[in-house]
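Analysis of the macromolecular model
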Amino acid sequence: MKMFRTLALAAAAAALAFGARAQGQAPAGALPADPAATAQTKLLLANLHRLVGRGVMFGHQDDMAYGIDQGKMWKGDANRSDVKSVAGAYPAVFGWELGHLELDSARNLDGVPFARIRGYIQQDYAQGSVVTISWHLNNPHNGKTAWDTARTVQYILPGGPDHARYVGYLDRVAAFLGSLKGAKGEAIPVIFRPFHEHTGSWFWWGQKECTAAEFKAIWQFTVGYLRDQKKLHNLLIAYSASDFATEADYLERYPGDAYADVLGFDDYCGPDPAQFKAGMDRKLGLLVSISRAHHKLPALTEVGYDGVPDPGWWTQTLLPLLEKHPVSYALTWRNGDPVHFFAPYPGQASAADFKKFFQSKSTIFNSRLGPLHLYTQPLK
Ligand code: BMA
């Protein structure tokens, strides 16, 4: 029996080696949607594809900017992170937010100065982490917030009365994205995630606020403008839904393979973890299969449990889902205030369990990611 098992294992290993790609070769479909993407952007995407199945990268929004300290907030401390304080390592993925950049504001809608965000992104890149950027932009039609649901997309499309204002917004975002440079002046690759949660109806770009054709058109215009007019070739584009029932539902507003690199969705746990688990199981299954069919990178673009009141949530709810459906990364939202936070901080109810989540071989934090040198070395 023992001998048989050894032989079977050897045969399986040989089959794997036979089927494996030549070393250093990019996996099928791992080229960015932007044909002119920089060499590092290409390498990053190919490496992220290679990492799928080896562990899910843990991400946290605004991680280095602020956090929670004994019921109060800390802000702007150098090299501080609630995730690092609890787990001993930085996240592998850092999320940053550009809302209010379109207004030429010095700070984003959550009060973080853009100059600091640029510095954090440079630090994330230098330490070999992955950067993803969201944009809760104000409504260009009426000047209200991203959460205003007046019909707008039709007015900002080319030829529309508010198109010029929207282009002005994009120009500011483009200037910022173009200013993200590494130590040698090279463009820092980032995952840009515009118009997120569009299958819901709480933002002006939501499902009930525009037609599928309008949504695709504004997406294609936006990505095309940044890449072709503004010559930004450091962008990987994330298409990120909220709830969806079927594959057709998920793809109803998909702008096409030439306009996305990452396919994801956002989902949050509420007081009924069983319901969350069932929904995630279904949606992650669909996401992984849709991503495979389109040769795109699957990601849980936002996830979490506000206030993490369940002390075992990380290893009992989230981890089994990620182990069953390997995606590239799972990004938890910001530690915004002592009652609106998604990562634990020292003393928080789920801190001990989060440490176990960090120690799992199924998760990747920066302690594991940094040594892989994602931006300069093809992964083996
Ligand atoms: C939301 C909340 C808001 C915040 C916004 C953009 O989900 O965290 O407080 O302003 O994201 O970061």
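Here goes a summary of the coordinates provided. (Residues numbered from 1 in each chain as written. Predicted model: local features only at pLDDT ≥ 70, side-chain atom pairs only at ≥ 80, totals over all residues. Heavy atoms only, no water.)

1. Things to note about the side chain of S242
Short version of the rule: Strands are runs of DSSP state E lasting at least two residues, helices are runs of H or I lasting at least four, and both sets are numbered from the N terminus onward. For this analysis, a polar contact is any N or O atom pair within 3.5 Å, provided that within protein one partner can donate a hydrogen and the other can accept it, and provided that sequence-adjacent residues contribute only side-chain to side-chain pairs. We call two residues in contact when some of their heavy atoms are within 4.5 Å.
Tracing the backbone through its elements, the reader meets S242 in the loop between β7 (235–241) and α8 (247–251). At a separation of 3.5 Å, a polar atom in the side chain of S242 contacts the main-chain carbonyl oxygen of E197. Beyond its immediate stretch of four places on either side in the chain, S242 contacts E197, T199, G200, W202, F265 and D266.

2. Topic: the pairing of strand β5 (residues 130–134)
In plain terms, the rule: Exposure classes here rest on a 1.4 Å probe applied to the protein chains alone. A residue is buried below 20% of its type maximum, exposed above 50%, and partly exposed in between. When the strands point away from the viewer, a crossover counts as right-handed if the path from the first strand over the helix to the second runs clockwise. Note on pairing: two strands pair once DSSP finds at least 2 bridges between them.
β5 sits mainly inside the fold: five of its five residues count as buried. Taking every second residue as pointing to the same face, both faces of β5 are buried, with V130, T132 and S134 on one and V131 and I133 on the other. You can see the chain leave strand β4 (residues 93–97), run along helix α4 (residues 114–126) and come back into β5, and the turn it takes is right-handed. As paired elements, β5 and strand β6 (residues 190–193) share three bridges and run parallel to each other. Bridge pairing links I133 to F192 in β6.

3. Looking at the site of the ligand
Using the following cut-off: Residue proximity to a molecule or strand is established when one non-hydrogen atom of the residue lies within 4 Å of it.
All residues in the neighbourhood of the ligand are listed as L109, D110, H136, W147, W333, R334 and H340. W333 is positioned such that a nitrogen or oxygen atom in its side chain is 3.0 Å from an oxygen atom of the ligand. Measuring from an oxygen atom of the ligand, one finds a side-chain N or O atom of R334 at 2.8 Å.

4. Details of the side chain of D124
We count it as follows: In summary, the charge assignment counts Lys and Arg as positive and Asp and Glu as negative, without counting His or the chain termini. Just to be clear on terms, a salt bridge is a Lys or Arg side-chain nitrogen sitting within 4 Å of an Asp or Glu carboxyl oxygen.
By the element assignment, D124 lies in helix α4. Although D124 is buried, it makes no salt bridge; K84 carries the closest opposite charge, 11 Å away. Residues within four places of D124 in sequence aside, it is in contact with M64, F94, W96, S129 and V131.

5. Here's the deal with the packing of aromatic side chains
Selection rule: A pair of aromatic rings is counted whenever rings of Phe, Tyr or Trp (Trp by its six-membered ring) have centres within 6.5 Å, and the orientation is called stacked for planes under 30 degrees apart, edge-to-face for over 60 and tilted otherwise. We call a charge positioned over a ring when the NZ of a Lys or the CZ of an Arg lies within 6 Å of the ring centre and within 35 degrees of the ring normal.
Within the structure shown, the criterion is met by 35 aromatic pairs. Relative to Y345, the ring of F341 has its centre 5.2 Å away and its plane inclined at 70°; by these criteria the two rings are edge-to-face. Both residues of the pair, F341 and Y345, count as buried. One aromatic cluster is present, formed by W147, F195, F203, W204, W205, F215, W219, Y239, F244, Y250, Y254 and F265 through successive ring pairs. The positively charged end of R227 is found above the aromatic ring belonging to Y259, 5.3 Å away from the centroid.

6. What to know about unusual backbone geometry
Positive phi outside glycine occurs at H100, with the angle close to 90°. By the secondary structure assignment, H100 is in the loop between β4 and α4. We classify H100 as partly exposed; its relative accessible area is 24%.

7. A word on helix α9 (residues 273–294)
To keep things clear, this is the line we draw: Expected span, for any helix, means 1.5 Å times one less than how many residues it has. The arc in question is the one spanned by the directions pointing from the helix axis to the C-beta atoms.
The end-to-end C-alpha distance of α9 is 31 Å, a good match for the 32 Å that 22 residues give at a rise of 1.5 Å each. Listed as buried for α9 are F276, G279, M280, K283, L284, L287, V288, I290, S291 and H294. Along α9, the residues classed as buried sweep out an arc of 165° about the axis, all on the same side. For α9, the exposed residues set more than 90 degrees away from the buried face come down to A274, R292 and A293. For α9, the secondary structure elements touched by its buried residues are α8, β8 (262–268), β9 (297–304) and α10 (313–324). One or two positions beyond α9, positive phi appears at H295, with a value near 55°.

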